[in-house]
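The residues making up each chain are set out below.
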Amino acid sequence: MEAVLGQVAQLPALLAVCRSALVRAWDPPTLERALDWGRYFQHLHDRLRARPRLRHAVGQRLRRARPGAPLAFGQLGRCAELLGLALLENRALPPAACRRLLQRLLQPPAARPGRLALLARRKAASRLLEPLRSSTPPPSLGGPEPRVAAEAGLLLGRLRDEPPGEPRWLGGVLQQLPEPRAFRVVAAALLLLRQGGGPQQEEEAGADPLLSWLLEDAERFAAFCQQLPGSLLASLAAHYSQISKRYLDLLSDWGSCLLYDPLQGQWVKSCPDEGELSWEELRERFSCLCKGPVPLREQTQAALKLLKARDGDFQVRGLSVWTDLLLEPLGLSEGERKLTGKLVEVSSN
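The shown structure was predicted, so the numbers you read here are calculated from the model rather than taken from an experiment.

Criteria and cut-off values
The residue numbering used here restarts from 1 in each chain and proceeds along that chain's sequence as written. Owing to the predicted nature of the model, reporting of local features is limited to residues with pLDDT of at least 70; listing and counting of side-chain atom pairs is limited to 80 or more, with chain, interface and lining totals taken over all residues. Water and hydrogen atoms play no part in the side-chain values, which are based on all heavy atoms of the structure. Pairing between strands is defined by DSSP: at least two bridges between them are needed. Per the convention used, a helix needs a DSSP run of H or I reaching at least four residues, while a strand needs a run of E reaching at least two, with both numbered from the N terminus. The rule is short: rings of Phe, Tyr and Trp, with Trp giving its six-membered ring, pair when the centres are within 6.5 Å, and they are stacked under 30 degrees, edge-to-face over 60, tilted in between. Here the term buried applies to any residue with accessible area under 20% of the maximum for its type, exposed to any over 50%, and partly exposed to those in between, with areas from a 1.4 Å probe on protein chains only. Sitting over a ring, as applied to charges here, requires NZ of Lys or CZ of Arg to be within 6 Å of the ring centre and within 35 degrees of the ring normal. One side-chain nitrogen of Lys or Arg within 4 Å of one carboxyl oxygen of Asp or Glu is enough to make a salt bridge.

Chemist: When you look at the pairing of strand 2 (residues 266–269) in this model, what are you seeing that I'm missing?
Modeler: Within a regular strand, the side chains alternate between the two sheet faces. Pairing between strand 1 (residues 258–261) and strand 2: four bridges, direction antiparallel. Considered in strand 2, the bridge of Tyr260 is made with Trp267. Counting the residues that bridge the hairpin from strand 1 to strand 2 gives four residues, and of these Gly265 lies at a positive phi of roughly 70 degrees.

Chemist: Sorry if this is basic, but what is going on with the packing of aromatic side chains here?
Modeler: Aromatic ring pairs are described here by two measures, namely the spacing of the ring centres and the angle between the planes. Enumeration according to the criterion identifies eight aromatic pairs in this entry. Arranged with centres 6.4 Å apart and planes meeting at 80 degrees, the rings of Phe286 and Trp322 form a pair that is edge-to-face. On the criterion of sequence distance, the pair formed by Phe286 in helix 15 (residues 279–290) and Trp322 in helix 17 (residues 321–327) is long-range, its members being 36 residues apart. The exposure class assigned to Trp322 is buried, which follows from its relative accessible area of 3%. Cluster of aromatic residues (ring-pair linked, three or more members): Phe183, Trp213, Phe221 and Phe224. The ring centre of Phe221 lies 5.2 Å from the NZ or CZ of Arg246, which sits over that ring.

Chemist: Is there a simple way to think about the pattern of salt bridges in this case?
Modeler: Pairing is possible between side chains that carry opposite charge, provided their charged atoms lie close to one another. Across all of its chains, the model carries eight salt bridges by this definition. Taking the shortest distance from any N to any O, the salt bridge between Asp36 and Arg39 comes out at 2.6 Å. Of this pair, Asp36 and Arg39 both sit in helix 3 (residues 28–48), separated by three residues, roughly a single helical turn. Residue classification places Arg39 among the partly exposed residues on the basis of a relative accessible area of 43%. For the salt bridge of Arg220 with Glu216, the shortest nitrogen-to-oxygen distance reads 3.8 Å. Shared partners join several salt bridges into a network, and the residues in it are Arg283, Arg317 and Glu328.

Structure below.
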């Protein structure tokens with residue numbers, strides 16, 4: 001028992017080290033050993049809490065231990081979280097050890113976590129969602145943008161921990177990220193929800209606050225659609241009717257701003273400096289939508305035909321941007337489009 005008491009007496013010193021600049025020399029294995037000590041102390045707490053005499057002896061040793069404020073026996077049961085929180089708040093922790101810490105704290109708990117464990121997980125999620133402090137890449141989760149995938153997964157995990165309703169922290173967390181990356185994280189999270197195969201109620205609970213944040217501000221949604229590629233937006237539109245309708249409305253607004261230049265023989269921006277799409281960008285966006293599932297393709301073509309009818313239902317090029325889009329081989333790849341153009345030329349001759 002004396003050996004156990006000697007180990008317990010070292011806990012305040014371990015906490016002090018976790019808060020100090022000494023962690024600057026830590027690598028991931030060192031971090032793992034510190035967290036293993038935390039789990040050991042938690043296991044010790046569970047073994048001794050039903051044994052009053054031993055519990056009293058451990059409590060006394062903790063109160064006498066230095067440095068730092070005296071600790072109580074109950075804090076042994078939350079030791080891993082206490083160490084984790086101390087390390088999370090210590091900016092001296094090297095990036096590699098920090099990433100290992102985030103992985104450990106964000107692992108799903110074996111049992112229902114207590115309030116301190118939830119706090120540690122949420123602080124870890126917030127830490128990972130902060131802008132990069134160094135050029136060292138985070139652990140890869142696969143895919144073309146592993147950091148975005150990791151951030152999207154953490155964002156969804158945090159949303160699932162929240163009660164129903166729009167969480168107040170969501171906007172603040174996303175504002176910490178540069179705008180393009182915040183948009184990519186939200187897009188990835190929305191697609192992960194549809195690919196996860198979970199219950200529909202859980203998907204809606206995760207998607208609703210993200211869709212609300214995205215759609216409630218017209219300028220934000222316009223920036224979202226400008227800065228993300230057409231293929232990604234088409235995937236979102238295929239899964240979310242709220243996005244497909246608003247996206248098509250936005251494309252119609254952008255298309256209406258184009259003017260036909262007879263000297264150049266093409267559609268040009270009415271205001272080159274304004275945040276609208278060029279003819280090539282508009283065609284590419286509609287082409288991506290037409291490559292999507294049948295319902296999305298039909299919705300897109302119906303919208304184009306309605307816009308064409310409102311514009312005068314012209315059948316020749318250069319009079320309506322919507323006529324010209326419908327005359328384009330939308331939904332084809334660039335190679336297929338060029339081949340189609342050559343076939344049209346041959347048939348015309």
